[in-house]
Amino acid sequence: MKDLKCGMKNCRYNKGYCCCAKEIDVNAETDCTTYSPDEEKSRSLFEAGSDFVKSDYSIDTNVLCGADCIFNRDGKCIANGITVMGQGNSDAACLTFIKN
């Protein structure tokens with residue numbers, strides 16, 4: 001999946017709001033368990049610094065999914081794209097989730 005938007009600015013895999021991980025895992029609660037805070041980004045002197053990083057749409061990320069979602073086919077996400085953002089008590093959640 002090349003259209004994987006990530007709103008978690010401090011995640012080590014976030015490059016200009018695009019996920020550059022080779023694979024992510026979305027669990028049954030729709031949390032992105034691959035989310036990993038990057039201490040360097042957290043200590044940045046400029047809050048908007050990550051907003052100016054060049055987007056990387058070349059990564060074809062494999063999305064594993066354990067959620068009861070209409071896009072889940074045999075444990076893999078078949079959506080054209082997903083968005084991951086902080087939501088509720090979760091650090092990173094798939095906002096594209098639609099209950100099956």
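Everything below is about the structure shown above.
Residues numbered from 1 in each chain as written. Predicted model: local features only at pLDDT ≥ 70, side-chain atom pairs only at ≥ 80, totals over all residues. Heavy atoms only, no water.

(A) The arrangement of the nonpolar core in detail. Counting 18 residues, the largest nonpolar core has Leu4, Met8, Ile24, Val63, Ile82 and Val84 as its most contacted members. Residues within four places of Ile82 in sequence aside, it is in contact with Met1, Asp3, Leu4, Lys5, Ile24, Val63, Cys77, Cys94 and Thr96. (Core = buried A, V, L, I, M, F, W, Y, C linked by side-chain atoms within 4.5 Å. Buried < 20%, exposed > 50% of the residue type's maximum accessible area, 1.4 Å probe, protein only. Contact = heavy atoms within 4.5 Å.)

(B) Structural context of the pairing of strand β4 (residues 23-26). Taking every second residue as pointing to the same face, the buried face of β4 carries Ile24 and Val26, while none of Glu23 and Asp25 on the other face is buried. As paired strands, β4 and strand β5 (residues 62-65) are joined by four bridges and run parallel to one another. Residue pairing across strands places Ile24 opposite Val63, the latter belonging to β5. (Helix = DSSP H or I, 4+ residues; strand = E, 2+ residues; numbered from the N terminus. Pairing = 2+ DSSP bridges.)

(C) Representation of the pattern of salt bridges within the structure. Per the stated rule, a full pass over the model turns up two salt bridges. Two residues, Asp68 and Lys99, come together in a salt bridge whose shortest N-O distance is 3.2 Å. One end of the pair, Asp68, is in the loop between β5 and β6 (72-73); the other, Lys99, is in the segment after β9 (90-94), and 31 residues separate them in sequence. By relative accessible area, Asp68 is classed as partly exposed at 40%. (Salt bridge = Lys/Arg side-chain N within 4 Å of Asp/Glu carboxyl O.)

Everything listed here is a matter of geometry and, on its own, says nothing about what the molecule does.
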